[in-house]
Amino acid sequence: MSIPLPNISRRNQTYYFRQRIPCDLVQFLNKKEFYFSLQTTILNTAVSMVNELLLKTDNLFKELKNVVSKADLDKILYGSSTPTRNTANKPVDADEWIRATVTTSDGTSITVEADHNDPLEERESIRIATEQAIQQVSGYSSVKQATTNISVSLGSAIKQYLQSKQDGPEITTKSYETIKAKILLLSEYFDGGRDIATLKLKDAESFRNILLKLPPNRAKVKKYDGLSLQEIADFGDEPQSITTVKATLNKCSAFFNWCIKSDIVEKNYFEKLPLSRKTHKDSDERKIWYKNDLNTLFNADIWATGKCKHDYQFWLPLIALHTGARLTEIAQLRVEDIKDMCGIKCFHINEEHKFQKLKNPDSMRYIPIHSALVDLGFIDFVATKSSGWLFNGLLNKQGEVPRDGLGTKASKWFLHHKDKLGIEEPVFHSFRHTVANEFKQKSVPEQQAMGVLGHKSQSITYARYDKDLNVPLLQETIEQLDFNLYIKNVKAWGVV
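Residues numbered from 1 in each chain as written. Predicted model: local features only at pLDDT ≥ 70, side-chain atom pairs only at ≥ 80, totals over all residues. Heavy atoms only, no water.

S.K.: Just give me the short version of unusual backbone geometry, but keep the residues and values in it.
M.R.: For Lys-272, which is not glycine, the phi dihedral falls at a positive 55°. Relative accessible area serves as the criterion here: at 76%, Lys-272 is assigned to the exposed category. Phi is positive for Cys-342, close to 60°, though the residue is something other than glycine. On the basis of relative accessible area, Cys-342 is assigned to the exposed category, the value being 67%. (Buried < 20%, exposed > 50% of the residue type's maximum accessible area, 1.4 Å probe, protein only.)

S.K.: Can you tell me about the nonpolar core, naming the residues and giving the values?
M.R.: Judged by nonpolar contacts, the single largest core of 58 residues is most densely connected at Trp-303, Trp-315, Leu-318, Phe-347, Phe-378 and Phe-391. Residue contributions to this core peak at eight residues, all from helix 14 (residues 311-321). Formed by 35 residues, the second largest nonpolar core is a distinct cluster that contains Tyr-161, Leu-211, Leu-229 and Ala-233. (Core = buried A, V, L, I, M, F, W, Y, C linked by side-chain atoms within 4.5 Å. Helix = DSSP H or I, 4+ residues; strand = E, 2+ residues; numbered from the N terminus.)

S.K.: Quick rundown of the packing of aromatic side chains? Include the residues and the values.
M.R.: Across all of its chains, the model carries 28 aromatic pairs by this definition. When the ring of Phe-255 is compared with that of Phe-256, the centres are 5.0 Å apart and the planes differ by 70°; the resulting orientation is edge-to-face. Taken as a pair, Phe-255 and Phe-256 share a single burial class, namely buried. Arranged with centres 5.2 Å apart and planes meeting at 70°, the rings of Phe-298 and Trp-303 form a pair that is edge-to-face. Of the two residues examined, Phe-298 and Trp-303, each falls in the buried class. Sitting above the plane of the Tyr-35 ring, Arg-18 keeps its charged end 4.2 Å from the centroid. (Phe/Tyr/Trp six-rings, centres within 6.5 Å; stacked < 30°, edge-to-face > 60°. Lys NZ or Arg CZ within 6 Å of the ring centre and 35° of its normal.)

S.K.: Tell me about the packing of helix 6 (residues 154-167) against helix 10 (residues 242-261), residues and numbers included.
M.R.: Packed helices, taken two at a time, are described by the angle between their axes plus the distance between the axes. For the pair helix 6 and helix 10, the least separation of the axes is 10 Å and the interaxial angle reads 95°. One way to sum up the angle between helix 6 and helix 10 is to call them roughly perpendicular. Contacts from Leu-154, Ala-157, Ile-158, Gln-160, Tyr-161 and Ser-164 of helix 6 reach helix 10 at Ala-254, Phe-255, Trp-258 and Cys-259. Its residues assigned to classes, the contact of helix 6 with helix 10 shows eight nonpolar, two polar and no charged. (Axes fitted to C-alpha atoms, helices over the stretch in contact; angles between N-to-C directions. Parallel < 35°, antiparallel > 145°, perpendicular 65-115°, else oblique. Contact = heavy atoms within 4.5 Å. Nonpolar A, V, L, I, M, F, W, Y, C, P; charged D, E, K, R; others polar.)

S.K.: Explain the side chain of His-370 residue by residue, including any values.
M.R.: For His-370, the position within the fold is in the loop between strand 8 (365-368) and helix 16 (371-375). At 3.4 Å, the side chain of His-370 forms a polar contact with the backbone oxygen of Ile-478. (Polar contact = N/O pair within 3.5 Å; in protein donor to acceptor, adjacent residues only side chain to side chain.)

S.K.: With reference to specific residues and values, describe the pairing of strand 6 (residues 338-341).
M.R.: Strand direction decides the pairing type here: strand 6 and strand 7 (residues 344-349), joined by four bridges, are antiparallel. Bridge pairing in strand 7 links Lys-339 to Cys-346. (Pairing = 2+ DSSP bridges.)

Geometry only, nothing functional implied.
Structural data, given as C-alpha coordinates:
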(Lines give C-alpha, C1' and ligand atoms only; values in the text may rest on other atoms or scores of the structure.)
Protein backbone atom coordinates (compact mmCIF):
# COMPACT_ATOMS: atom_id res chain seq x y z
CA MET A 1 0.00 0.00 0.00
CA SER A 2 1.44 3.42 -0.96
CA ILE A 3 1.61 6.06 1.76
CA PRO A 4 -0.07 9.30 0.57
CA LEU A 5 2.04 11.72 2.65
CA PRO A 6 5.82 11.91 3.06
CA ASN A 7 5.35 12.59 6.78
CA ILE A 8 3.76 9.16 7.36
CA SER A 9 5.71 5.96 7.75
CA ARG A 10 4.57 2.50 8.78
CA ARG A 11 6.26 -0.07 10.95
CA ASN A 12 4.71 -3.37 12.09
CA GLN A 13 1.35 -2.22 10.66
CA THR A 14 1.37 0.93 12.88
CA TYR A 15 1.65 4.41 11.38
CA TYR A 16 4.22 6.97 12.55
CA PHE A 17 4.53 10.75 12.22
CA ARG A 18 7.85 12.18 10.97
CA GLN A 19 8.65 15.89 10.53
CA ARG A 20 12.11 17.31 9.88
CA ILE A 21 13.03 20.29 12.07
CA PRO A 22 14.51 23.31 10.23
CA CYS A 23 18.29 23.51 10.53
CA ASP A 24 18.22 26.83 12.40
CA LEU A 25 15.97 25.30 15.09
CA VAL A 26 17.72 21.94 15.52
CA GLN A 27 20.01 23.12 18.34
CA PHE A 28 17.18 25.05 19.91
CA LEU A 29 14.90 22.00 19.98
CA ASN A 30 17.75 19.60 20.70
CA LYS A 31 16.61 17.19 17.98
CA LYS A 32 16.64 16.89 14.19
CA GLU A 33 13.11 15.66 13.73
CA PHE A 34 9.85 14.81 15.41
CA TYR A 35 9.20 11.07 15.13
CA PHE A 36 6.61 9.19 17.14
CA SER A 37 3.90 6.55 16.83
CA LEU A 38 0.36 7.59 15.97
CA GLN A 39 -0.85 4.40 17.69
CA THR A 40 -3.20 3.48 14.87
CA THR A 41 -3.22 0.92 12.07
CA ILE A 42 -5.95 2.76 10.12
CA LEU A 43 -4.57 4.87 7.29
CA ASN A 44 -7.50 7.31 7.21
CA THR A 45 -7.08 8.00 10.91
CA ALA A 46 -3.33 8.47 10.49
CA VAL A 47 -3.78 10.90 7.57
CA SER A 48 -6.25 13.01 9.58
CA MET A 49 -3.85 13.16 12.52
CA VAL A 50 -0.81 13.97 10.37
CA ASN A 51 -2.56 16.75 8.44
CA GLU A 52 -3.39 18.47 11.70
CA LEU A 53 0.04 17.84 13.21
CA LEU A 54 1.76 19.30 10.13
CA LEU A 55 -0.25 22.49 10.46
CA LYS A 56 0.53 22.73 14.15
CA THR A 57 4.25 22.06 13.83
CA ASP A 58 4.56 24.57 10.99
CA ASN A 59 2.90 27.17 13.19
CA LEU A 60 5.19 26.18 16.04
CA PHE A 61 8.29 26.71 13.91
CA LYS A 62 7.07 30.13 12.77
CA GLU A 63 6.23 31.25 16.30
CA LEU A 64 9.58 30.10 17.68
CA LYS A 65 11.45 31.90 14.88
CA ASN A 66 9.47 35.07 15.54
CA VAL A 67 10.23 35.23 19.26
CA VAL A 68 13.88 34.08 19.24
CA SER A 69 16.20 35.60 16.65
CA LYS A 70 19.05 33.72 15.05
CA ALA A 71 21.53 36.00 16.80
CA ASP A 72 19.98 35.26 20.19
CA LEU A 73 20.22 31.57 19.50
CA ASP A 74 23.85 31.94 18.57
CA LYS A 75 24.56 33.84 21.75
CA ILE A 76 22.80 31.28 23.95
CA LEU A 77 24.13 28.17 22.27
CA TYR A 78 27.56 29.19 21.00
CA GLY A 79 28.52 32.24 23.04
CA SER A 80 28.47 34.45 19.92
CA SER A 81 29.17 38.13 20.54
CA THR A 82 26.88 39.22 17.71
CA PRO A 83 24.57 41.76 19.37
CA THR A 84 20.84 41.52 18.85
CA ARG A 85 19.88 44.41 21.06
CA ASN A 86 21.49 47.66 22.17
CA THR A 87 24.40 46.61 24.42
CA ALA A 88 26.83 49.37 23.54
CA ASN A 89 26.44 51.17 26.83
CA LYS A 90 26.07 48.10 29.00
CA PRO A 91 28.12 44.89 28.71
CA VAL A 92 26.48 41.56 29.20
CA ASP A 93 26.75 40.47 32.82
CA ALA A 94 25.14 38.07 35.24
CA ASP A 95 22.13 40.29 35.64
CA GLU A 96 21.18 40.33 31.97
CA TRP A 97 18.62 37.76 30.87
CA ILE A 98 17.25 36.67 27.59
CA ARG A 99 13.49 36.64 27.70
CA ALA A 100 11.70 34.54 25.06
CA THR A 101 7.89 34.60 24.92
CA VAL A 102 5.77 32.22 22.84
CA THR A 103 2.08 32.99 22.43
CA THR A 104 0.18 29.80 21.65
CA SER A 105 -2.85 29.39 19.39
CA ASP A 106 -5.20 29.46 22.38
CA GLY A 107 -3.75 32.76 23.64
CA THR A 108 -1.49 31.27 26.34
CA SER A 109 1.95 32.87 26.69
CA ILE A 110 5.07 30.95 27.66
CA THR A 111 8.05 33.02 28.82
CA VAL A 112 11.57 31.66 29.08
CA GLU A 113 14.33 33.48 30.98
CA ALA A 114 17.89 32.21 30.64
CA ASP A 115 21.03 33.49 32.35
CA HIS A 116 23.92 34.04 29.89
CA ASN A 117 26.44 32.98 32.48
CA ASP A 118 24.95 29.49 32.83
CA PRO A 119 24.74 27.98 29.32
CA LEU A 120 23.67 24.54 30.57
CA GLU A 121 20.83 26.04 32.57
CA GLU A 122 19.93 28.22 29.59
CA ARG A 123 19.65 25.27 27.26
CA GLU A 124 17.67 23.19 29.75
CA SER A 125 15.24 26.05 30.41
CA ILE A 126 14.64 26.58 26.73
CA ARG A 127 14.28 22.83 26.15
CA ILE A 128 11.61 22.48 28.85
CA ALA A 129 9.78 25.58 27.67
CA THR A 130 9.87 24.32 24.09
CA GLU A 131 8.33 21.01 25.05
CA GLN A 132 5.57 22.90 26.81
CA ALA A 133 5.09 25.05 23.74
CA ILE A 134 4.88 22.03 21.48
CA GLN A 135 2.16 20.52 23.65
CA GLN A 136 0.15 23.73 23.92
CA VAL A 137 0.60 24.95 20.36
CA SER A 138 -0.21 21.59 18.81
CA GLY A 139 -3.11 20.91 21.14
CA TYR A 140 -1.90 17.30 21.63
CA SER A 141 -0.82 16.41 25.13
CA SER A 142 -0.45 12.85 23.89
CA VAL A 143 -1.11 10.76 20.81
CA LYS A 144 -4.01 9.16 22.66
CA GLN A 145 -5.68 12.57 22.94
CA ALA A 146 -5.08 13.19 19.25
CA THR A 147 -6.78 9.96 18.37
CA THR A 148 -9.88 10.50 20.47
CA ASN A 149 -10.28 14.05 19.17
CA ILE A 150 -11.16 12.68 15.73
CA SER A 151 -14.89 12.04 15.49
CA VAL A 152 -15.98 8.93 13.59
CA SER A 153 -19.63 8.29 12.80
CA LEU A 154 -21.20 4.92 13.49
CA GLY A 155 -21.99 4.50 9.79
CA SER A 156 -18.39 5.27 8.80
CA ALA A 157 -16.99 2.82 11.34
CA ILE A 158 -19.32 0.09 10.11
CA LYS A 159 -18.25 0.76 6.53
CA GLN A 160 -14.56 0.50 7.50
CA TYR A 161 -15.19 -2.71 9.44
CA LEU A 162 -17.03 -4.40 6.59
CA GLN A 163 -14.26 -3.35 4.21
CA SER A 164 -11.69 -4.89 6.54
CA LYS A 165 -13.67 -8.13 6.40
CA GLN A 166 -13.54 -8.12 2.62
CA ASP A 167 -9.85 -7.23 2.53
CA GLY A 168 -8.84 -9.71 5.25
CA PRO A 169 -8.66 -13.52 5.29
CA GLU A 170 -11.03 -15.24 2.88
CA ILE A 171 -14.64 -15.15 4.04
CA THR A 172 -17.61 -16.79 2.38
CA THR A 173 -20.31 -14.59 0.91
CA LYS A 174 -22.84 -16.08 3.30
CA SER A 175 -20.71 -15.33 6.37
CA TYR A 176 -20.07 -11.78 5.19
CA GLU A 177 -23.76 -11.13 4.55
CA THR A 178 -24.64 -12.51 7.98
CA ILE A 179 -22.15 -10.18 9.67
CA LYS A 180 -23.34 -7.25 7.57
CA ALA A 181 -27.02 -7.83 8.34
CA LYS A 182 -26.43 -8.00 12.09
CA ILE A 183 -24.03 -5.04 12.25
CA LEU A 184 -26.33 -2.81 10.18
CA LEU A 185 -28.96 -3.21 12.88
CA LEU A 186 -26.80 -0.82 14.91
CA SER A 187 -27.13 1.99 12.37
CA GLU A 188 -30.81 1.14 11.92
CA TYR A 189 -31.47 1.54 15.65
CA PHE A 190 -29.05 4.39 16.30
CA ASP A 191 -28.50 7.28 13.94
CA GLY A 192 -25.80 6.22 11.46
CA GLY A 193 -24.36 9.73 11.62
CA ARG A 194 -23.94 9.61 15.38
CA ASP A 195 -20.42 9.80 16.80
CA ILE A 196 -19.69 6.17 17.67
CA ALA A 197 -17.69 7.25 20.72
CA THR A 198 -20.91 8.56 22.32
CA LEU A 199 -22.44 5.06 22.53
CA LYS A 200 -22.31 4.02 26.16
CA LEU A 201 -23.57 1.16 28.33
CA LYS A 202 -27.14 2.46 28.48
CA ASP A 203 -27.22 2.51 24.67
CA ALA A 204 -25.92 -1.06 24.43
CA GLU A 205 -28.53 -2.23 26.94
CA SER A 206 -31.26 -0.42 25.04
CA PHE A 207 -30.17 -2.16 21.83
CA ARG A 208 -30.19 -5.54 23.56
CA ASN A 209 -33.67 -4.90 24.95
CA ILE A 210 -35.08 -4.07 21.52
CA LEU A 211 -33.54 -7.23 20.07
CA LEU A 212 -35.31 -9.29 22.72
CA LYS A 213 -38.66 -7.91 21.46
CA LEU A 214 -38.12 -8.22 17.71
CA PRO A 215 -39.85 -11.06 15.84
CA PRO A 216 -37.91 -13.47 13.60
CA ASN A 217 -37.79 -13.17 9.79
CA ARG A 218 -38.82 -9.51 9.84
CA ALA A 219 -37.81 -8.94 6.20
CA LYS A 220 -40.33 -11.58 5.08
CA VAL A 221 -43.35 -10.01 6.81
CA LYS A 222 -45.01 -7.28 4.76
CA LYS A 223 -46.60 -5.44 7.68
CA TYR A 224 -43.12 -4.55 8.98
CA ASP A 225 -42.06 -2.81 5.75
CA GLY A 226 -40.78 0.72 6.30
CA LEU A 227 -41.08 0.55 10.10
CA SER A 228 -38.38 1.26 12.63
CA LEU A 229 -37.15 -1.47 14.96
CA GLN A 230 -39.05 0.13 17.83
CA GLU A 231 -42.27 0.23 15.81
CA ILE A 232 -41.84 -3.44 14.87
CA ALA A 233 -41.21 -4.37 18.50
CA ASP A 234 -44.36 -2.50 19.53
CA PHE A 235 -46.50 -5.06 17.67
CA GLY A 236 -45.77 -7.46 20.51
CA ASP A 237 -45.38 -10.45 18.16
CA GLU A 238 -43.61 -13.64 19.18
CA PRO A 239 -39.95 -12.62 19.64
CA GLN A 240 -36.91 -14.19 18.05
CA SER A 241 -34.97 -16.76 20.05
CA ILE A 242 -32.38 -15.91 22.71
CA THR A 243 -29.87 -17.75 20.53
CA THR A 244 -30.48 -15.29 17.69
CA VAL A 245 -30.19 -12.31 20.04
CA LYS A 246 -26.95 -13.67 21.45
CA ALA A 247 -25.53 -14.21 17.95
CA THR A 248 -26.36 -10.62 16.99
CA LEU A 249 -24.77 -9.20 20.14
CA ASN A 250 -21.66 -11.33 19.58
CA LYS A 251 -21.27 -9.88 16.08
CA CYS A 252 -21.73 -6.35 17.45
CA SER A 253 -19.21 -7.03 20.19
CA ALA A 254 -16.68 -8.24 17.62
CA PHE A 255 -17.26 -5.01 15.70
CA PHE A 256 -16.56 -2.86 18.75
CA ASN A 257 -13.45 -4.89 19.62
CA TRP A 258 -12.20 -4.05 16.12
CA CYS A 259 -13.04 -0.39 16.75
CA ILE A 260 -10.90 -0.44 19.90
CA LYS A 261 -7.94 -1.86 18.00
CA SER A 262 -8.52 0.76 15.31
CA ASP A 263 -8.42 3.61 17.88
CA ILE A 264 -12.01 4.57 17.08
CA VAL A 265 -13.49 3.89 20.54
CA GLU A 266 -11.97 3.20 23.93
CA LYS A 267 -14.42 0.65 25.33
CA ASN A 268 -16.73 -2.14 24.18
CA TYR A 269 -20.04 -1.87 26.00
CA PHE A 270 -21.61 -4.67 23.96
CA GLU A 271 -19.32 -7.36 25.30
CA LYS A 272 -20.96 -10.00 27.49
CA LEU A 273 -24.23 -8.16 27.93
CA PRO A 274 -26.33 -10.30 30.27
CA LEU A 275 -29.25 -12.26 28.85
CA SER A 276 -31.86 -14.39 30.58
CA ARG A 277 -30.58 -17.72 31.79
CA LYS A 278 -31.67 -20.95 30.13
CA THR A 279 -34.45 -22.80 31.89
CA HIS A 280 -33.98 -26.05 29.98
CA LYS A 281 -31.23 -28.33 28.76
CA ASP A 282 -29.58 -27.91 25.36
CA SER A 283 -30.87 -31.32 24.33
CA ASP A 284 -34.45 -30.08 24.77
CA GLU A 285 -33.84 -27.49 22.02
CA ARG A 286 -32.62 -30.10 19.54
CA LYS A 287 -35.67 -31.67 17.99
CA ILE A 288 -35.35 -35.22 16.70
CA TRP A 289 -37.45 -37.27 14.34
CA TYR A 290 -39.90 -39.50 16.17
CA LYS A 291 -41.58 -42.65 14.90
CA ASN A 292 -44.81 -41.10 13.63
CA ASP A 293 -43.08 -38.32 11.68
CA LEU A 294 -40.56 -40.73 10.11
CA ASN A 295 -43.37 -43.01 9.02
CA THR A 296 -45.29 -40.08 7.55
CA LEU A 297 -42.26 -38.80 5.69
CA PHE A 298 -40.98 -42.00 4.11
CA ASN A 299 -44.44 -43.27 3.17
CA ALA A 300 -44.93 -40.21 0.95
CA ASP A 301 -45.11 -40.72 -2.82
CA ILE A 302 -41.48 -39.78 -3.48
CA TRP A 303 -40.21 -42.80 -1.56
CA ALA A 304 -43.19 -45.12 -1.96
CA THR A 305 -43.07 -44.87 -5.76
CA GLY A 306 -39.48 -43.76 -6.33
CA LYS A 307 -40.75 -40.98 -8.59
CA CYS A 308 -39.36 -37.49 -8.04
CA LYS A 309 -38.49 -34.44 -10.10
CA HIS A 310 -34.87 -34.38 -8.92
CA ASP A 311 -32.79 -37.22 -7.52
CA TYR A 312 -31.69 -35.17 -4.49
CA GLN A 313 -35.29 -35.22 -3.24
CA PHE A 314 -35.14 -39.01 -2.92
CA TRP A 315 -31.60 -39.40 -1.57
CA LEU A 316 -30.80 -36.47 0.71
CA PRO A 317 -33.24 -37.32 3.55
CA LEU A 318 -32.25 -41.01 3.42
CA ILE A 319 -28.53 -40.24 3.51
CA ALA A 320 -29.02 -37.76 6.37
CA LEU A 321 -30.93 -40.37 8.38
CA HIS A 322 -28.10 -42.90 7.94
CA THR A 323 -25.09 -40.60 8.41
CA GLY A 324 -26.08 -37.59 10.50
CA ALA A 325 -24.32 -35.41 7.92
CA ARG A 326 -25.33 -31.79 7.47
CA LEU A 327 -27.57 -30.86 4.54
CA THR A 328 -24.87 -28.90 2.68
CA GLU A 329 -22.29 -31.65 3.26
CA ILE A 330 -24.53 -34.10 1.41
CA ALA A 331 -25.83 -31.71 -1.26
CA GLN A 332 -22.31 -30.69 -2.34
CA LEU A 333 -21.03 -34.25 -2.82
CA ARG A 334 -19.33 -34.90 -6.13
CA VAL A 335 -19.15 -38.24 -7.96
CA GLU A 336 -15.48 -38.56 -7.05
CA ASP A 337 -16.37 -38.15 -3.35
CA ILE A 338 -17.71 -41.71 -3.24
CA LYS A 339 -14.51 -43.48 -2.24
CA ASP A 340 -13.41 -47.07 -1.72
CA MET A 341 -11.48 -47.17 1.56
CA CYS A 342 -10.16 -50.51 2.77
CA GLY A 343 -12.72 -52.20 0.53
CA ILE A 344 -15.52 -50.15 2.12
CA LYS A 345 -17.56 -47.64 0.14
CA CYS A 346 -17.52 -44.25 1.87
CA PHE A 347 -18.74 -40.68 1.58
CA HIS A 348 -15.77 -38.33 1.57
CA ILE A 349 -16.93 -35.12 3.25
CA ASN A 350 -14.46 -32.47 2.08
CA GLU A 351 -14.01 -29.02 0.54
CA GLU A 352 -11.47 -29.79 -2.17
CA HIS A 353 -13.65 -28.21 -4.85
CA LYS A 354 -13.90 -24.40 -4.79
CA PHE A 355 -17.67 -24.48 -4.25
CA GLN A 356 -17.53 -27.00 -1.40
CA LYS A 357 -17.59 -25.44 2.05
CA LEU A 358 -17.39 -27.08 5.47
CA LYS A 359 -18.31 -25.69 8.86
CA ASN A 360 -14.83 -26.28 10.30
CA PRO A 361 -11.72 -28.45 9.68
CA ASP A 362 -13.08 -31.25 11.89
CA SER A 363 -15.99 -31.65 9.49
CA MET A 364 -13.67 -33.23 6.92
CA ARG A 365 -14.10 -36.99 7.29
CA TYR A 366 -15.00 -40.36 5.75
CA ILE A 367 -18.39 -41.90 6.52
CA PRO A 368 -18.96 -45.53 5.49
CA ILE A 369 -22.10 -45.94 3.38
CA HIS A 370 -24.77 -47.68 5.47
CA SER A 371 -25.93 -51.08 4.22
CA ALA A 372 -29.52 -49.78 4.12
CA LEU A 373 -28.50 -47.21 1.50
CA VAL A 374 -26.73 -49.91 -0.51
CA ASP A 375 -29.91 -52.02 -0.41
CA LEU A 376 -31.91 -49.04 -1.70
CA GLY A 377 -29.64 -48.83 -4.76
CA PHE A 378 -27.33 -45.99 -3.86
CA ILE A 379 -24.16 -47.57 -5.30
CA ASP A 380 -26.05 -48.34 -8.53
CA PHE A 381 -27.26 -44.74 -8.59
CA VAL A 382 -23.67 -43.45 -8.30
CA ALA A 383 -22.63 -45.72 -11.17
CA THR A 384 -24.99 -43.84 -13.49
CA LYS A 385 -23.01 -40.63 -12.90
CA SER A 386 -19.78 -39.93 -14.75
CA SER A 387 -18.38 -36.84 -13.01
CA GLY A 388 -19.31 -33.53 -11.42
CA TRP A 389 -21.96 -32.93 -8.81
CA LEU A 390 -23.60 -36.13 -7.58
CA PHE A 391 -27.15 -34.74 -7.43
CA ASN A 392 -29.00 -32.77 -10.07
CA GLY A 393 -31.42 -29.88 -9.68
CA LEU A 394 -29.41 -27.96 -7.08
CA LEU A 395 -27.95 -25.23 -9.29
CA ASN A 396 -29.76 -21.93 -9.80
CA LYS A 397 -31.49 -20.80 -12.99
CA GLN A 398 -28.17 -19.56 -14.38
CA GLY A 399 -26.66 -23.00 -13.91
CA GLU A 400 -24.43 -21.73 -11.10
CA VAL A 401 -23.92 -22.74 -7.48
CA PRO A 402 -26.25 -20.57 -5.34
CA ARG A 403 -24.67 -17.90 -3.18
CA ASP A 404 -25.43 -19.82 0.03
CA GLY A 405 -24.26 -23.17 -1.35
CA LEU A 406 -25.76 -26.24 -2.95
CA GLY A 407 -28.01 -26.91 0.02
CA THR A 408 -30.11 -23.80 -0.63
CA LYS A 409 -32.76 -25.26 -2.95
CA ALA A 410 -32.87 -28.56 -1.08
CA SER A 411 -33.52 -26.77 2.20
CA LYS A 412 -36.44 -24.80 0.78
CA TRP A 413 -37.88 -27.88 -0.93
CA PHE A 414 -37.72 -30.04 2.18
CA LEU A 415 -39.30 -27.37 4.39
CA HIS A 416 -42.20 -27.04 1.97
CA HIS A 417 -42.54 -30.82 1.55
CA LYS A 418 -42.69 -31.67 5.26
CA ASP A 419 -45.17 -28.87 5.90
CA LYS A 420 -47.32 -30.26 3.10
CA LEU A 421 -47.26 -33.63 4.87
CA GLY A 422 -48.34 -32.00 8.15
CA ILE A 423 -44.99 -32.51 9.89
CA GLU A 424 -44.46 -29.54 12.19
CA GLU A 425 -41.44 -29.53 14.50
CA PRO A 426 -38.53 -31.55 13.08
CA VAL A 427 -36.51 -29.98 10.26
CA PHE A 428 -33.81 -31.39 8.01
CA HIS A 429 -31.08 -30.73 10.58
CA SER A 430 -33.11 -32.84 13.02
CA PHE A 431 -31.79 -35.92 11.19
CA ARG A 432 -28.38 -35.06 12.62
CA HIS A 433 -29.78 -34.82 16.14
CA THR A 434 -31.66 -38.09 15.60
CA VAL A 435 -28.45 -39.92 14.67
CA ALA A 436 -26.59 -38.42 17.64
CA ASN A 437 -29.42 -39.51 19.94
CA GLU A 438 -29.36 -43.06 18.51
CA PHE A 439 -25.63 -43.31 19.18
CA LYS A 440 -26.18 -42.10 22.73
CA GLN A 441 -29.05 -44.50 23.42
CA LYS A 442 -26.97 -47.42 22.15
CA SER A 443 -23.96 -46.40 24.27
CA VAL A 444 -21.71 -45.86 21.26
CA PRO A 445 -18.35 -44.50 22.52
CA GLU A 446 -18.25 -40.74 22.16
CA GLN A 447 -15.07 -40.73 20.07
CA GLN A 448 -16.67 -43.03 17.51
CA ALA A 449 -19.85 -40.94 17.36
CA MET A 450 -17.80 -37.77 16.88
CA GLY A 451 -15.82 -39.49 14.13
CA VAL A 452 -19.05 -40.04 12.18
CA LEU A 453 -20.62 -36.67 12.95
CA GLY A 454 -17.49 -34.60 12.45
CA HIS A 455 -17.46 -33.04 15.91
CA LYS A 456 -14.29 -31.74 17.53
CA SER A 457 -13.20 -33.54 20.68
CA GLN A 458 -13.54 -31.50 23.85
CA SER A 459 -10.49 -33.25 25.27
CA ILE A 460 -7.21 -31.41 24.65
CA THR A 461 -5.38 -34.73 24.41
CA TYR A 462 -7.73 -36.17 21.80
CA ALA A 463 -8.11 -32.91 19.88
CA ARG A 464 -4.38 -32.35 19.54
CA TYR A 465 -2.92 -35.80 19.22
CA ASP A 466 -5.55 -38.21 17.92
CA LYS A 467 -5.92 -39.22 14.28
CA ASP A 468 -9.04 -40.10 12.32
CA LEU A 469 -10.66 -43.37 13.33
CA ASN A 470 -10.03 -46.27 10.98
CA VAL A 471 -12.74 -46.95 8.43
CA PRO A 472 -13.65 -50.50 9.62
CA LEU A 473 -14.35 -49.10 13.09
CA LEU A 474 -16.42 -46.30 11.59
CA GLN A 475 -18.38 -48.90 9.63
CA GLU A 476 -19.18 -50.75 12.84
CA THR A 477 -20.35 -47.45 14.30
CA ILE A 478 -22.55 -46.49 11.37
CA GLU A 479 -24.21 -49.89 11.30
CA GLN A 480 -25.47 -49.27 14.84
CA LEU A 481 -28.13 -47.10 13.19
CA ASP A 482 -31.27 -49.11 12.48
CA PHE A 483 -34.21 -47.29 10.90
CA ASN A 484 -35.48 -50.20 8.81
CA LEU A 485 -38.84 -50.06 10.55
CA TYR A 486 -39.46 -46.59 9.13
CA ILE A 487 -38.13 -47.11 5.61
CA LYS A 488 -39.57 -50.54 4.97
CA ASN A 489 -41.97 -49.14 2.36
CA VAL A 490 -39.32 -47.16 0.49
CA LYS A 491 -38.95 -48.39 -3.07
CA ALA A 492 -35.37 -49.01 -4.16
CA TRP A 493 -33.94 -46.53 -6.66
CA GLY A 494 -34.37 -47.55 -10.29
CA VAL A 495 -36.77 -50.39 -9.59
CA VAL A 496 -39.74 -50.26 -11.94
